[in-house]
Amino acid sequence: MAERREFQVSFDANDPGALSRFWAEAIGYPLQAPPPPFESWDQALEAWGVPEDHRNDASALTDPDGTGPRIFFQKVPEGKTAKNRVHLDVRAAPGLEGEERMAALESECERLVALGATRVQRFEPAPPMAAGHIVMQDPEGNEFCLD
């Protein structure tokens, strides 16, 4: 068996800072803290001599419990052009079924739309294989599901 490795999930982004703030609200991960002795990333980047026009080249979120993957956002020059081959499922209704599940997903959908997400399509429960979910897009068009 292969050795277990830590991993991070990386997003290409037009605006890493804004996209990381959306996902921080969506999944409850905080923005990664700057390294000591800096109190902010602006202080750190200034001290390291990073030009102002490159201070939004990357951003990251970390699991507050320290067990989940780091989420990394990197600036790229091109925009999104096709459907994601990998996406996140935001578990908004674990353990719920039927109408109770779909009501929880709708509530979370409304919250995320208010933060800048776009609702794409609702899939109704189809037991026994499908519990129902909602496909969405983050503010830069990356698909994800409310599950």
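Thresholds, definitions, all that
- Residues numbered from 1 in each chain as written.
- Predicted model: local features only at pLDDT ≥ 70, side-chain atom pairs only at ≥ 80, totals over all residues.
- Heavy atoms only, no water.
- Helix = DSSP H or I, 4+ residues; strand = E, 2+ residues; numbered from the N terminus.
- Expected span 1.5 Å × (residues − 1).
- Buried < 20%, exposed > 50% of the residue type's maximum accessible area, 1.4 Å probe, protein only.
- Contact = heavy atoms within 4.5 Å.
- Pairing = 2+ DSSP bridges.
- Axes fitted to C-alpha atoms, helices over the stretch in contact; angles between N-to-C directions.

Draft legend 1. Quick peek at helix H3 (residues 98-114). Here H3 spans 25 Å end to end across 17 residues, near enough to the 24 Å set by a 1.5 Å rise per residue. Along H3, the positions that sit buried rather than exposed are Arg101, Met102, Leu105, Glu106, Glu108, Cys109 and Leu112. Buried residues in H3 make contact with helix H1 (16-27), strand S5 (118-123), strand S6 (133-137) and strand S7 (143-146). Looking at the residues trailing H3, positive phi occurs at Gly116, about 120 degrees.

Draft legend 2. Layout of the sheet that holds strand S4 (residues 88-90). Strand order across the open sheet formed by four strands is S4-S7-S6-S5, with mixed pairing between neighbours. At either margin of the open sheet sits one strand with a lone partner, and together these are S4 and S5. Averaged over neighbouring strand pairs, the angle between their axes works out to 25 degrees when direction is ignored. Here three bridges tie S4 to S7, and the two strands are oriented parallel to one another. Bridging across to S7, Asp89 finds its partner in Cys145. In the packing of H3 onto the sheet, contacts are made with S5, S6 and S7, and the angle to S6 comes to roughly 10 degrees.

Draft legend 3. Looking closely at the sheet that holds strand S1 (residues 8-13). The sheet built from three strands is open, its strands ordered S1-S3-S2 with mixed pairing. Strands at the two margins of the open sheet, each flanked by one partner only, are S1 and strand S2 (58-61). Neighbour to neighbour, the strand axes of the sheet diverge by 20 degrees on average, direction disregarded. Here six bridges tie S1 to strand S3 (residues 70-75), and the two strands are oriented parallel to one another. Looking at the pairing, Ala13 lines up with Lys75 of S3.

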